Amino acid sequence: MTIALAASPAFDASIPTSNGYEPITAPALKAAMRNFSGGVSVITAGIGDDRTGATVTSATALSVDPPTMIVNINRTSSTWPIIQRYRHFCVNVLSREHQRVAERFSGLDGAKGSARYEGADWVRLASGASALSGALAAIDCEVDEIIERHSHAIILGRVVAISAGSGEPIVYHNGRYGGLDL
């Protein structure tokens, strides 16, 4: 799949409700959010057999001065208690060649914990988290602050190391992985 950058159709609010919009439900919000296209990262945390990770589109820089990342993790995710315990994580920005890694860390094939790391080369970083060899970027972070809000934890990470590569990014849109034609 290739996602082309083009003008989007006008917002359609043609289904009236008491407030003029669709009812606000978790499925309605999920459906709306599927319209976002986002870069794909794998968040890694833990050490040795006690490591795991998750595929996310929610990782971004909060600040460049001081260098700080922000990532949102569902508190039902197996990654959440590992980040709490080890107080570190790495944002691995994936390329188009890493779709299989993205799928594996999303749990698509049922792999859990350290089994998610199989089939790819990983390097242990200063914080203890793992970086994917060949990632577009690996941003190593130590947890600075955690804000637990509703179903998710908002995790702020102080950047302790950065490794940057090159290649074409993978993006996620409407439940599918793809690339960009610029």
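Predicted model, so just to flag it, every value in this text is computed and none were measured.

What follows deals with the overall build of the protein chain. Assigned secondary structure in the protein chain consists of three helices and 13 strands. A buried classification covers 35% of the 182 residues belonging to the protein chain. Accessible surface, the protein chain as shown: approximately 10400 Å² in total, 54% of it carbon and sulfur.

This part is about the environment of Arg100. Looking at the secondary structure, you find Arg100 in helix H3 (residues 99–105). Taking the relative accessible area as the measure of exposure, Arg100 reaches 46% and is therefore partly exposed. Through-space distance from the C-alpha of Arg100 to that of Gly119 is 9.0 Å; in sequence the pair is 19 residues apart.

What the seven strands build is an open sheet, ordered S4-S3-S7-S10-S11-S6-S5; its pairing is antiparallel. The open sheet terminates on both sides in strands that have one partner only, identified here as strand S4 (50–56) and strand S5 (60–64). Sheet twist, expressed as the average angle between the axes of neighbouring strands with direction ignored, equals 30°. Where helix H2 (residues 79–86) meets the sheet, it contacts strand S3 (41–47), S4, strand S6 (67–74), strand S7 (88–93), strand S10 (137–149) and strand S11 (152–164), and its direction lies at approximately 125° from that of S4.

Trans is the prevailing form of peptide bonds, just as negative phi is the prevailing case for residues other than glycine. At the junction of Asp65 and Pro66, the peptide bond is cis and its omega measures out at 5° in the coordinates. Tracing the sequence through the fold places Pro66 in the loop between S5 and S6. The phi torsion at His150 lies on the positive side, around 55°, for a residue other than glycine. With respect to the helices, strands and loops of the structure, His150 is situated in the loop between S10 and S11.

Quick look at the pattern of salt bridges now. One pass over the structure, following the stated rule, counts six salt bridges. Between Glu148 and Arg75 there is a salt bridge, and its shortest N-O distance comes to 2.5 Å. Here Glu148, found in strand S10, pairs with Arg75, found in the loop between S6 and H2; they are 73 residues apart in sequence, far enough to count as distant. For Arg75, a relative accessible area of 33% corresponds to the partly exposed category. Across the pair Arg104 and Asp109 runs a salt bridge, and its minimum N-O distance is 2.4 Å. Accessibility expressed as a relative area gives 13% for Arg104, which makes it buried.

What counts, and where the lines are drawn
Residues numbered from 1 in each chain as written. Predicted model: local features only at pLDDT ≥ 70, side-chain atom pairs only at ≥ 80, totals over all residues. Heavy atoms only, no water. Helix = DSSP H or I, 4+ residues; strand = E, 2+ residues; numbered from the N terminus. Buried < 20%, exposed > 50% of the residue type's maximum accessible area, 1.4 Å probe, protein only. Areas by Shrake-Rupley, 256 points an atom, 1.4 Å probe, with all protein chains shown as cover. Pairing = 2+ DSSP bridges. Axes fitted to C-alpha atoms, helices over the stretch in contact; angles between N-to-C directions. Contact = heavy atoms within 4.5 Å. Salt bridge = Lys/Arg side-chain N within 4 Å of Asp/Glu carboxyl O.

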